[in-house]
Amino acid sequence: MAQRNCSYRLSELANKLNGVIQGLDCTIFGLNTLEKASSNELSFLANSKYASQLADSKSGAVLVTAQMADKVTGSALIVENPYLAFAKVSQLFDWRLADSEESECLSASIDPSARVHSSARLGAHVVVSAGVVIEADVKVDDRCVIGPNSVIQTGSHLGASTRLEANVTIYPDVVLGRECLVHSGAVIGADGFGFAPTKEGWVKICQLGGVRVGNRVEIGANTTIDRGALDHTYIGDGVKLDNHIQIAHNVNIGEQTAIAGCTAVAGSTKIGRHCTIAGHCGITGHLTIADYTHITAMSLISKSIIVTGQAYSSGTGQEKHGDWKRNVVRFRQLDNMARRLKQLEQKIEILSIEGLNK
Amino acid sequence: MAQRNCSYRLSELANKLNGVIQGLDCTIFGLNTLEKASSNELSFLANSKYASQLADSKSGAVLVTAQMADKVTGSALIVENPYLAFAKVSQLFDWRLADSEESECLSASIDPSARVHSSARLGAHVVVSAGVVIEADVKVDDRCVIGPNSVIQTGSHLGASTRLEANVTIYPDVVLGRECLVHSGAVIGADGFGFAPTKEGWVKICQLGGVRVGNRVEIGANTTIDRGALDHTYIGDGVKLDNHIQIAHNVNIGEQTAIAGCTAVAGSTKIGRHCTIAGHCGITGHLTIADYTHITAMSLISKSIIVTGQAYSSGTGQEKHGDWKRNVVRFRQLDNMARRLKQLEQKIEILSIEGLNK
Amino acid sequence: MAQRNCSYRLSELANKLNGVIQGLDCTIFGLNTLEKASSNELSFLANSKYASQLADSKSGAVLVTAQMADKVTGSALIVENPYLAFAKVSQLFDWRLADSEESECLSASIDPSARVHSSARLGAHVVVSAGVVIEADVKVDDRCVIGPNSVIQTGSHLGASTRLEANVTIYPDVVLGRECLVHSGAVIGADGFGFAPTKEGWVKICQLGGVRVGNRVEIGANTTIDRGALDHTYIGDGVKLDNHIQIAHNVNIGEQTAIAGCTAVAGSTKIGRHCTIAGHCGITGHLTIADYTHITAMSLISKSIIVTGQAYSSGTGQEKHGDWKRNVVRFRQLDNMARRLKQLEQKIEILSIEGLNK
């Protein structure tokens, strides 16, 4: 169902991918894993550690590198980068991209149940689904698709070919670039968390900045990107954010950085370009993280990272609960242990000298 | 308000629960805690450590085991498992379940503001609330309830008696079994997080699989379950997922496993049956977790667990901030400390032998 | 766009803030940072460590304390607490607050696409946006604003001047106080996570309590607050909850406590007043946390905190991945290391005594 109902000759795919066929040309009706592919499906081998699966695979053809091609028993489509080739073919079989290509031929389609303010400007070939609300002064460029029950608030702007899935919320003064994809439940532009403490309680600092998102950014389901306090929050071109991510006010994320699910970035932190940040990390506020930094899962980052291209971690690894309990008790004694170790070293130094002196 | 306006004789409840009354029969108008229950409410004692509350309780009757019954001063309803009995009685007083029983007698009720595609097939006694959007080729079986402003996209399928609360999003090609309950803000079927790296940036791998959810599954508020890349993401029968959970693409969760809030499971991990996973855990990708595994709160699980029925943990316990800072510094010296400890052991071994030799 | 199109004389602001002008009076059209402000904008210096920015700032005027005033080269507005003054001025320039003041003059405005049940009671000057669903017996007090596609379910109640942003979900039997602000994607009143285990699987405990939220509470985007099992879940006056927070059933949060993003509080835990809890923390169930407790980022709190005003932490700090891997291995040996350290101390004690005896 999610694969588009279409087919390609293997030779046609070879053309699109700058690849070379080994074995017979055949017709490909879809994509699948080596393990599950049938004789009219294409699979791929991106990692040589799965090469043993080639022997048993029933797939019609396999995307492989030249080095691995001799291990393929059926047809092979030899390419430089099989994973990238797989990514490109996946787009041919995606029902959604197929739809948007077809929508080129359509005039704008606005569901009668959508509420579009008279001052909003919609480009050509825009699709506005049922229940959508578009407020005053919004600008939606050509070929955008707005999913059911999504809301775009006053003065915001979507670049060409950007797609909002269902139930997305775009607050006022949010600008998304071209070819972005925003998943359901994402909230872009809610207030940053800013309050001045007083004896009578917290006084709200109104969040007067907006959000500026670059081109080709993907924003996962239920991810939140807060608006800035005075200046904007910035997300660079090509950034990929997974689900449940929290981006606080005035964060700046450099281009092509990818962040996995449930990671939170606190206010005013600047993350470099091409970083890869694993899931469930916490990055505290007002830090600078260098380009090409890698952070492993569930790490707490509370100091700036200056040198580029390094990997960082925190936390402890999994243990059986009983062992862990004993070690956790010792963690609380660690400073004490370190001092005692130092004392022992001094005592033994003295004992050794005494021994020598005898 | 949330308790149904109804009443039961204690003897009637005894019948339903296979229990025995000790003391007077009475009329029960609702459920409450031992501490707060009044003389026409039923309470329960599931854990003997709260037995001291029996003396002061004003409750009309108490669900207890035979062993504890002599400590109840008023009426007691003696059952084998008071907590299970309490669960069953809670269903009698729930306004929502009451509604759906009544809806048996109703014909399908579709709010005029809902947008239901002409190709969608709705079963008998289905309730479609205001603002709901149901796209093409969707199938909604008998007695389903779809809450306000929820969206069900192309070709998805809801089994009989499944309930979506308000503002739920079901992407295309998602199948939910019978008697599921999905809370508000949940997103089922958003794209898995898959991209091929290239020099020019990330290239999207279209997520062509769907999601398959079993029967009697509960999915918490704002929880996300991503669609598979090629194959589906699978959630087994009876699985219970709390709020803010992230289930990545191609995860497979075995039946009756329960996961608490804010836990994330990365791509392609297979979790066994009857596992209990506490809140705020991170489970990395491509792992296998054995049946009946228990994981404690905020643990990072990054290696497969082979033996069934074991408990695992990671992290450190809470400390006063000042103590913690000192110990955290020492954690960074831990490998160094371990080497120095080894050296000391060797030196003392030598000193002891020298001492003996003198 | 997000700043209201208006202006104030600096002397006018001095009046509102009980401040004193140093230098020329001027006209202020907006707020900005010291770094970015232009000659018709106001900036502020709340932290003396940024004082060096004063020299280069082009801002028309700066909010400062008397002690720092001599460092300002242009106009200064001298106040006791510049951060609080900044908070107050931010409200003058917020387009949203401006709107709601103007709405005083409006009669109730209900978008024709909203579905409001005939038994719901709406106060004066209430705004109900497009696509909103308000169910039976709901009460919405004066001057409330309900954002697009939000849902308020049966019997719930919003106090005066409370604002729901777009796509908020309020379940039945939820009461919000006055002047609350609830951001998009927040879900208040979903079922707590309660099930009785049986051999045949989990049996649901219907969640019969509701949620009670005090006055002037802010609830962040995609935050969830579950309904109680029997009694309610309580959120005190002036509490501030950031995005992605999970508040489980029967939690009780004391007034003026602030919690940062992605923190989860498990069932029945009672958090005191004026606590500050950083982001990504996990607090387990059935605990009591004293007033004025501070918890640092990503801490696991699994024991009650009795003494007020203390700071707590857990976890380890960031390290280069290679160093961390070595130390994590040693963490698993920590109990063993502690025992060996103890043995060494005993051996050296003996060696020292032997040495003395020779």
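Residues numbered from 1 in each chain as written. Chains lettered and ligands numbered in written order. Predicted model: local features only at pLDDT ≥ 70, side-chain atom pairs only at ≥ 80, totals over all residues.

Visitor: Break down the overall build of chain A for me, citing the residues and quoting the values.
Guide: A count of helices and strands for chain A gives five helices and 40 strands. Expected size for 358 residues packed as a compact globule is a radius of gyration near 21 Å; at 27 Å, chain A overshoots this value by more than 25%. Across its three principal directions, the C-alpha atoms of chain A cover 95 × 70 × 35 Å. Looking at chain A as a whole, 57% of its 358 residues qualify as buried. Partitioning the contacts of chain A with sequence separation of at least 6, the portion at a separation of at least 24 is 21%. (Helix = DSSP H or I, 4+ residues; strand = E, 2+ residues; numbered from the N terminus. Rg over C-alpha atoms; globule rule 2.2 N^0.38 Å. Buried ≥ 20, exposed ≤ 12 C-beta atoms within 10 Å, placed from the backbone. Contact = placed C-beta atoms within 7 Å.)

Visitor: Go over helix H4 (residues 321-331) of chain A, please, and point to the residues and values.
Guide: Residues Trp324, Asn327, Val328, Arg330 and Phe331 of chain A constitute the buried set of H4 of chain A. Buried residues in H4 of chain A, looked at end-on, bunch into an arc of 155°, giving them a common side. (Arc of directions from axis to C-beta.)

Visitor: Mind laying out the interface of chain C and chain B, listing which residues take part and the relevant values?
Guide: If you look at the interface, chain C gives 68 residues, while chain B gives 66 residues. The element contributing the most residues to the side of chain C that touches chain B is helix H5 (residues 334-357) of chain C, with eight residues. Along the lines of polarity and charge, the residues of the side of chain C that touches chain B split into 27 nonpolar, 28 polar and 13 charged. Here strand E40 (residues 319-320) of chain B pairs with strand E39 (residues 311-313) of chain C via two bridges, running antiparallel. Note on E39 of chain C: the bridge partner recorded for Glu319 of chain B is Ser313 of chain C. (Nonpolar A, V, L, I, M, F, W, Y, C, P; charged D, E, K, R; others polar. Pairing = 2+ DSSP bridges.)

Visitor: Go over the relation of the copies chain C and chain B, please, and point to the residues and values.
Guide: The operation relating the pair of chain copies consists of a rotation about an axis and a translation along that axis. Superposing chain C onto chain B takes a rotation of 120° plus a shift of 0.0 Å along the axis, which leaves an RMSD of 0.1 Å. What the rotation and shift describe, once combined, is the action of a three-fold rotation axis. No C-alpha of chain C lies nearer the rotation axis than that of Gly315 of chain C, which sits 3.3 Å from it. (Least-squares fit on C-alpha atoms with pLDDT ≥ 70 in both.)

Visitor: Outline the environment of Val145 of chain B, listing residues and values.
Guide: Mapped onto the secondary structure, Val145 of chain B falls in strand E14 (residues 145-146). Owing to 23 C-beta atoms within 10 Å, Val145 of chain B belongs among the buried residues under this scheme.

Visitor: Run through the sheet that holds strand E26 (residues 224-225) of chain A, naming residues and quoting values.
Guide: Read from one edge of the open sheet, ten strands run E9-E12-E15-E18-E21-E26-E29-E32-E35-E38 (chain A), paired in parallel fashion. Two strands in the sheet have a free side with no partner beyond their single neighbour: strand E9 (115-116) and strand E38 (300-301) of chain A.

Visitor: Any chance you could break down the interface of chain A and chain B for me, citing the residues and the numbers?
Guide: Between chain A and chain B, the contact holds 66 residues from the first and 69 residues from the second. Mapped onto the side of chain A that touches chain B, the elements with two or more residues apiece are helix H2 (82-92), strand E40 (319-320), H4 and helix H5 (334-357) of chain A. In terms of residue count, the dominant contributor to the side of chain A that touches chain B is H5 of chain A (ten residues). Taken together, the residues of the side of chain A that touches chain B sort by class into 27 nonpolar, 28 polar and eleven charged.

Visitor: Describe the sheet that holds strand E2 (residues 20-22) of chain B, listing the residues and the values that go with them.
Guide: All names here are of chain B. Strands sit in the order E2-E7-E6-E5-E4 across an open sheet of five strands; the sheet is mixed. Whereas interior strands pair on both sides, the edge strands pair on one side only; in this sheet they are E2 and strand E4 (30-31). In this sheet, strand E7 (residues 75-78) lies alongside strand E6 (residues 61-64) in parallel orientation, the contact comprising four bridges. Bridge pairing links Ala61 to Ser75 in E7. Across the sheet, helix H2 (residues 82-92) is in contact with E4, strand E5 (41-44) and E6; its angle to E5 comes to roughly 145°. (Axes fitted to C-alpha atoms, helices over the stretch in contact; angles between N-to-C directions.)

Visitor: Which residues make up the pairing of strand E5 (residues 41-44) of chain C, and what values do they have?
Guide: Residues and elements named next belong to chain C. On E5, burial covers both faces: Glu41 and Ser43 on one face and Leu42 and Phe44 on the other are all buried. Alignment of strand E4 (residues 30-31) against E5, held across two bridges, turns out to be parallel. Opposite Leu31, over in E5, you have Leu42 as the bridge partner. Where E5 lies against strand E6 (residues 61-64), three bridges are found, and the strand directions are parallel. Across the sheet, residue Ser43 finds its bridge partner in E6, namely Val62.

Visitor: Provide a residue-level description of helix H1 (residues 10-17) of chain B, including the pertinent values.
Guide: Residues and elements named next belong to chain B. Buried residues of H1: Leu10, Leu13 and Leu17, and no others. All buried residues of H1 fall inside an arc of 60° around its axis, so they share one side. For H1, exposure combined with an orientation more than 90 degrees from the buried face picks out Ser11 and Asn15. Its buried side turned inward, H1 meets strand E1 (8-9), E2, strand E3 (27-28), E6, E7 and H2. Phi turns positive, to about 55°, at Asn18, one or two residues after H1.

Visitor: An account of the environment of Leu341 of chain A is needed here, citing residue identities and associated values.
Guide: Within the secondary structure, Leu341 of chain A is located in helix H5. For Leu341 of chain A and Gly177 of chain A, which are 164 residues apart along the polypeptide, the C-alpha to C-alpha distance reads 58 Å. Once residues lying within four places of it in the same chain are set aside, the contact partners of Leu341 of chain A are Met337, Arg340 and Leu341 of chain B together with Leu341 of chain C.

Visitor: An account of the environment of Ile259 of chain A is requested, with residue identities and associated values reported.
Guide: Residue and element names in this part refer to chain A. Among the secondary structure elements, Ile259 is positioned in strand E31 (residues 258-259). Spatially, the C-alpha atoms of Ile259 and Leu17 are 28 Å apart, while their sequence positions differ by 242 residues. Aside from chain neighbours lying at most four places away, what touches Ile259 is Leu241, Asp242, Ile245 and Ile277.

Visitor: Any chance you could break down the domain arrangement of chain A for me, citing the residues and the numbers?
Guide: What the domain assignment lists for chain A is domain 1 (8-93) and domain 2 (322-348). For domain 1 of chain A and domain 2 of chain A, the distance between their C-alpha centres works out to 56 Å. (Domains from an automatic or database assignment.)

Visitor: Account for unusual backbone geometry, with residues named and values stated.
Guide: One non-glycine residue, His274 of chain B, adopts positive backbone phi at about 60°. Assignment of secondary structure puts His274 of chain B in the loop between strand E33 (270-271) and strand E34 (276-277). Exposure remark for His274 of chain B: the 20 C-beta atoms within 10 Å place this residue in the buried category. One non-glycine residue, Arg143 of chain C, adopts positive backbone phi at about 65°. Tracing the backbone shows Arg143 of chain C in the loop between strand E13 (139-140) and strand E14 (145-146). C-beta crowding within 10 Å serves as the criterion here: with 23 such atoms nearby, Arg143 of chain C is assigned to the buried category.

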